Amino acid sequence: MLFCVQAQAAPPKEIFWDDLIPKGHVQISNQDAAASHDGDQQNWVQPDLDAPVVKSLDGKQVSLPGFVVPLEGDSEVITEFLLVPYFGACIHVPPPPPNQIVHVKIKNGVPIDSLYDAITVTGTMKVATWKGDLAQTGYKMEAVGVAPFEL
Amino acid sequence: MRLISLASKSMLNRKASVLLTLFTIAISVMLLLTIERVRQEAKSSFSNTVSGTDLIVGARSGDIQLLLSSVFRIGHANNSVSWDSYQDIKAQRGVSWTIPISLGDSHKGHAVLGTNSAYFEHFRYGKKQTLAFTAGRAFVNAQEVVLGSDVAQKMHYQLGQQIVISHGMGNTSFHHHDDNPMTIVGILAPTGTPVDKTVHVPLAAIEAMHSQPKSTPRMLGKPKQPAGHKHDHQDEHGHHDSHDHGHADKHEHHDSHDQGHADKHEHHDSHDHGHADGHEHHDSHDHGHGHDKPDTVAVAVPAPADLHGDLIGEPKQITAFLMGLDSPLYTLQIRRNINNYKAEPLLAIMPGVTLRELWRMLGLVEKILLLFSAVVVLISLLGMLTTLLATLNQRRRELAILRSVGARPRHIFTLMSSEAILITAAGCTLGIALFYALIALAQGTLQSQFGISLSISLLSHYELMLIGVIMAAGTLMGILPATRAYFYSLSDGMSIKL
């Protein structure tokens, strides 16, 4: 029990987006991928199909800065969002590969005034697998806290 | 305590001006609270309307326009999505479910939404709540309709009744699709969203209405008038004769509404005793409807491949569709692919993002509204200040007498400031009462006109805070005349020159 509390109290590890790509994996530049197979069947779901994840991050307490793409929420708070490494991922630039998106859920939600401001999300990272035509993996996070990103 | 009773007695003596001040404050408080409440409820009504939907896809227009037209039924889409594109996108990897939506018709001012059974299965509102039925069930063939709770309540519709859909928006149309009456088979539970005000029909029904040759425009008014329908009903009856089961819907309708058709009923009953049973067993055997009565409506029903085939018909286009994906991580990529879709210019939006954009646009308007109501409160408080200061001169004598019977200058100060506090407090109380009265009055209109559901709930923390700020401001305002009175009472003494 005591151990538990201590484990929780340990400061979360600060990670960055590069840490979400396994070492040695050469990530295909997303821009190229999008340009070459635009509208292609292969490309429908994600540009880099085998974008691998870092399994060792599973269950780790981390804090990760990024931009918010809201999914669920009410007029006050956002309860579910995608965390992405650059602003505008939802608008005009090609979206990042799946290992550069984190699906964040936060209990009770968090008020986010501007989608233009970067935030730092703290929580437990999970490597999730789900089945489509192919088994897919990606990052999920149960967030406990959100803070404005300090430049 | 004695000072407060003294203050209130003194105020009683100046009823007229005090009451006016009090009303000014009350009205301004009411205004502020109402504006804030409506603003917040409007926002939450909007946010609660769509949930669990990853993407909304429509013809290329604007993000906000697509969101407003597809989900909130505000404005309308200028263009549509071809059925082929829809089928193509639906079949793509990562797509978990889709809900096709076809809008643009109305039933007595209520939007008619053409969809399929996926709507009842996958549509979510609020915090991922599903649609529930208070009565009946979802439609399973092209002659059935499901009503939102408000529609049913307002029009006093019941299960089994028949209604006619008009072409176009607006509260009536000179082009009723009269030859295609539809039976109410389900009524949804209230959701507090535009779903309540929507008439849901199968896509096939919409296609049927639009594809058949138009009869001469009828006069507006009562589409269910027996006289206007005689000919149609006769057709149906002829039809009944040949197909003697499974048309409980129409039969019920006749029973409850068309007294004028009694003769036909008799004919009917003598001929067709299976009907009574048909009522109860309707659910179980109604899948076949679309196929075995081709003459009721000119539905070009293709041989359906499966159970729900007859819900869809052969639409050429839909207004928009909602999409759910296997994983939210796909959203960004699929959205991009749809926006770059080669066969047709399409637009995919993420409802959450677009809603935030909408708030950002409306944020300025909201702030201006708040500013205006705050200024109104300020003006009313300044009015109070003016009255207090103006009466101060007249009250010098009163204060001097108080001094002479032993009141100290600080007593005078307390007396004056407690007067301001009393007026503000009474004003706030009256304002809150007026606010609730106004909400109770406006509730119905706001719900029916703008889809904003106001609830008569206790004051929120935010609203209490607003009241607190007003109280504090009122108290501050009271300090000014109190200070003046304090100094008057020091210098004046009893020597007042009248």
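Residues numbered from 1 in each chain as written. Chains lettered and ligands numbered in written order. Predicted model: local features only at pLDDT ≥ 70, side-chain atom pairs only at ≥ 80, totals over all residues. Heavy atoms only, no water.

The name an unreviewed UniProt entry assigns to chain B is FtsX-like permease family protein, from the organism Pseudoalteromonas rubra. Comment text from UniProt for chain B, heading Subcellular location (unreviewed entry), reads "Cell membrane". (UniProt positions renumbered as here; feature names shortened; annotations may be inferred.)

Turning next to the overall build of chain B. Regarding its fold elements, chain B presents 19 helices and 14 strands. Taking all 498 residues of chain B together, the buried fraction comes to 52%. Sequence-distant contacts, at least 24 apart, represent 79% of the contacts inside chain B between residues at least 6 apart. Surface accessibility of chain B: about 22,200 Å² in total, with carbon and sulfur atoms responsible for 62%. (Helix = DSSP H or I, 4+ residues; strand = E, 2+ residues; numbered from the N terminus. Buried < 20%, exposed > 50% of the residue type's maximum accessible area, 1.4 Å probe, protein only. Contact = heavy atoms within 4.5 Å. Areas by Shrake-Rupley, 256 points an atom, 1.4 Å probe, with all protein chains shown as cover.)

Moving on, we come to the overall build of chain A. Summing up its helical and strand segments, chain A has two helices and six strands in all. N-terminal to C-terminal, the α/β element order of chain A is α-β-α-β-β-β-β-β. Buried residues in chain A amount to 47% of all 151 residues. Expressed as a percentage of contacts within chain A between residues at least 6 apart in sequence, the contacts between residues at least 24 apart total 64%. Looking at chain A as shown, the accessible area adds up to about 8,000 Å², and 57% of this sits on carbon and sulfur atoms.

Residues and elements named next belong to chain B. With 61 residues, the main nonpolar core has Met323 and Ile338 as its most contacted residues. With sequence-adjacent residues up to four places away left out, Met323 is seen in contact with Thr53, Asp54, Leu55, Val57, Ile89, Val95, Trp97, Thr98, Ile334 and Ile338. By size, the runner-up hydrophobic cluster in this structure holds 27 residues, among which are Met11, Val18, Met384 and Cys428. (Core = buried A, V, L, I, M, F, W, Y, C linked by side-chain atoms within 4.5 Å.)

A separate point is empty space enclosed by the protein. A full pass over the atoms with the stated rule returns nine cavities of 30 Å³ or more. Of the volumes computed, that of the largest cavity is approximately 160 Å³. Lining the largest cavity are 16 residues, with Leu71, Glu72 and Gly73 of chain A together with Gly352 and Leu355 of chain B sitting closest to its centre. Put simply, the parts of the chain that give the lining of the largest cavity at least two residues each are β2 (61-73) of chain A together with α16 (351-394) of chain B. Residue contributions to the lining of the largest cavity peak at five residues, all from α16 of chain B. (1 Å grid on protein atoms, 1.4 Å probe; cavity = no way out; pocket = protein on both sides within 12 Å on 5 of 7 lines; lining within 4 Å. Points joined across faces, edges and corners; volume = space filled by probe spheres on them.)

This paragraph deals with the pattern of salt bridges. Two side chains of opposite charge can pair, provided their charged atoms sit close to one another. Applying the stated criterion across every chain, the model contains nine salt bridges over all chains. Each of Arg14, Arg395, Glu398 and Glu419 of chain B takes part in a single network of salt bridges with overlapping partners. (Salt bridge = Lys/Arg side-chain N within 4 Å of Asp/Glu carboxyl O.)

Residues and elements named next belong to chain B. Burial within helix α3 (residues 63-72) is extensive, with eight of its ten residues counted as buried. Looking only at α3, the buried set comprises Ile64, Leu66, Leu67, Leu68, Ser69, Ser70, Val71 and Phe72. Close packing links the buried residues of α3 with α2 (15-49), β1 (55-59), β3 (95-107), β13 (320-325), β14 (346-349) and α16. One or two residues past the end of α3 sits Arg73, with phi positive at roughly 60°.

The next subject is the packing of α16 of chain B against helix α17 (residues 396-404) of chain B. Residue and element names in this part refer to chain B. Across the interface, α16 lies against α17 with an axial gap of 5 Å and an inter-helix angle of 65°. As summarised for this structure, α16 and α17 are arranged roughly perpendicular, according to the angle between their axes. Where α16 abuts α17, its residues Leu392, Asn393 and Gln394 lie against Arg396, Arg397 and Leu399. Its residues assigned to classes, the contact of α16 with α17 comprises two nonpolar, two polar and two charged. (Axes fitted to C-alpha atoms, helices over the stretch in contact; angles between N-to-C directions. Parallel < 35°, antiparallel > 145°, perpendicular 65-115°, else oblique. Nonpolar A, V, L, I, M, F, W, Y, C, P; charged D, E, K, R; others polar.)

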